[in-house]
Amino acid sequence: GAGVSQSPSNKVTEKGKDVELRCDPISGHTALYWYRQSLGQGLEFLIYFQGNSAPDKSGLPSDRFSAERTGGSVSTLTIQRTQQEDSAVYLCASRRGLGTEAFFGQGTRLTVV
Amino acid sequence: AQRVTQPEKLLSVFKGAPVELKCNYSYSGSPELFWYVQYSRQRLQLLLRHISRESIKGFTADLNKGETSFHLKKPFAQEEDSAMYYCALTGSNYKLTFGKGTLLTVNP
């Protein structure tokens, strides 16, 4: 596809379960970002990957959150032992380089019950 | 550290009125600033960036390094401008930091 694709679109999970969110960036985009969007909190930076450099994990809220990017392409955000406060929309974005436009996916709406 | 501040969570104007969405930033080097917009039920998308100095949908934004601001302006608001607006910053690394956003409502 031409755009950033995220799956699933919606995920309802029970408190304490692990979830995996997937992001397929635009081909050739070296930078990939994960954000959490919730009411009143705007776009909270979680992590970004750039080429072969070590990812910047400074935004991950706890050690329950982790992410990986395989082969410089697809990325997976994993949340272990989910809590109700993890409920939010998780957005992925990718871009070609510095100063270029970041393209966003449609997001995954996570609901922890 | 890089930080983006959007002081207004909500902004409401009438159609035809001027609108200004404020954005202030904190960054020690030379930043690149962007405005992104999210219309209802749509993806977040780029509205404009300071390096291109362009006007998109009648919106403009000027980078003021002295005041560390990048306010978004439009002289005559339209109802279709109602959306969530985010200011964003990139520094010399690839980190892309967003403000908390301003929800603009343009009333008929």
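(A) Expanded view of the state of the cysteines. Residues and elements named next belong to chain A. One pass over the structure, following the stated rule, counts 2 disulfides over all chains. With a sulfur-sulfur separation of 1.8 Å, Cys23 is cross-linked through a disulfide to Cys92. Across the S-S bond linking Cys23 and Cys92, the dihedral sits near -65°, which makes this disulfide left-handed. Of this pair, Cys23 sits in strand E3 (residues 19-24) while Cys92 is found in strand E8 (residues 88-95), placing the two residues 69 residues apart along the sequence.

(B) Spotlight on the nonpolar core. Residues and elements named next belong to chain B. Judged by nonpolar contacts, the single largest core of 25 residues is most densely connected at Trp35, Leu72 and Tyr85. Contributions of two or more residues to this core are made by strand E2 (10-14), strand E3 (19-21), strand E5 (32-38), strand E6 (45-49), strand E9 (83-90) and strand E11 (102-107). The leading source of residues in this core is E9, at 4 residues. What Leu72 contacts, discounting residues up to four positions off in sequence, is Val19, Glu20, Leu21, Trp35, Leu47, Leu48, Phe59, Thr60, Ala61 and Tyr85.

(C) Seen up close, the sheet that holds strand E7 (residues 75-79) of chain A. Residues and elements named next belong to chain A. The strand order across the open sheet built from 4 strands is E1-E3-E7-E6, with neighbouring strands paired in antiparallel fashion. Looking at strand neighbours, the two that pair on one side only are strand E1 (5-7) and strand E6 (65-69), the edges of this open sheet. Neighbour-to-neighbour, the strand axes of this sheet turn through a mean angle of 15°, independent of strand direction. Bridge analysis of E1 against E3 gives 3 bridges, and the strand direction is antiparallel. The residue of E3 that forms the bridge with Ser5 is Asp24.

(D) Fine view of the side chain of Gln37(A). Tracing the backbone through its elements, the reader meets Gln37(A) in strand E4 (residues 31-38). In terms of polar contacts, Gln37(A) uses its side chain to reach the side chain of Tyr86(B), at 2.9 Å. In this structure, Gln37(A) is in contact with Gly42(A), Leu43(A), Ala88(A), Val89(A), Leu91(A), Gln38(B) and Tyr86(B), ignoring residues within four places of it in sequence.

(E) Just the layout of surface pockets, in detail. In this structure, the largest pocket occupies an estimated 760 Å³ of space. Lining the largest pocket are 30 residues, with Gln37(A), Arg109(A), Gln38(B), Met84(B) and Tyr86(B) sitting closest to its centre. Sort the elements by how many residues they give to the lining of the largest pocket and E9(B) lands first, with 3 residues. Grouping the constituent residues of the lining of the largest pocket by class yields 10 nonpolar, 15 polar and 5 charged. Its volume calculated, the second largest pocket comes out at about 250 Å³. Among the elements of the structure, strand E5 (42-50) of chain A together with strand E1 (3-5) and strand E10 (96-98) of chain B are those that each provide at least two residues to the lining of the second largest pocket. If one sorts the elements of the lining of the second largest pocket by residue count, E5(A) sits on top with 3 residues. Here the lining of the second largest pocket is composed, by residue class, of 4 nonpolar, 4 polar and 4 charged.

(F) Main features of the environment of Val19(B). Residues and elements named next belong to chain B. Positionally, Val19 belongs in strand E3. It is 8.1 Å that separates the C-alpha atoms of Val19 and Leu72, two residues lying 53 residues apart in sequence. Excluding residues within four positions of it along the chain, Val19 makes contact with Leu11, Val13, Phe59, Leu72, Lys73, Lys74, Ala77 and Leu104.

(G) The arrangement of the interface of chain A and chain B in detail. With 24 residues of chain A in contact, the opposing surface of chain B contributes 21 residues. Both faces combined, the contact of chain A with chain B buries some 1900 Å², and carbon together with sulfur accounts for 54% of it. Counting the surface chain A buries against chain B, the share from its top three residues, Leu43(A), Leu98(A) and Phe104(A), is 27%. Along the contact surface separating chain A from chain B lie 0 salt bridges. Linking chain A with chain B are 11 residue pairs in polar contact (both at pLDDT 80 or more), by the criterion used here.

Calculation rules
Residues numbered from 1 in each chain as written. Chains lettered and ligands numbered in written order. Predicted model: local features only at pLDDT ≥ 70, side-chain atom pairs only at ≥ 80, totals over all residues. Heavy atoms only, no water. Disulfide = S-S within 2.5 Å. Helix = DSSP H or I, 4+ residues; strand = E, 2+ residues; numbered from the N terminus. Core = buried A, V, L, I, M, F, W, Y, C linked by side-chain atoms within 4.5 Å. Buried < 20%, exposed > 50% of the residue type's maximum accessible area, 1.4 Å probe, protein only. Contact = heavy atoms within 4.5 Å. Pairing = 2+ DSSP bridges. Axes fitted to C-alpha atoms, helices over the stretch in contact; angles between N-to-C directions. Polar contact = N/O pair within 3.5 Å; in protein donor to acceptor, adjacent residues only side chain to side chain. 1 Å grid on protein atoms, 1.4 Å probe; cavity = no way out; pocket = protein on both sides within 12 Å on 5 of 7 lines; lining within 4 Å. Points joined across faces, edges and corners; volume = space filled by probe spheres on them. Nonpolar A, V, L, I, M, F, W, Y, C, P; charged D, E, K, R; others polar. Buried area = accessible area lost by both parts, 1.4 Å probe. Salt bridge = Lys/Arg side-chain N within 4 Å of Asp/Glu carboxyl O.

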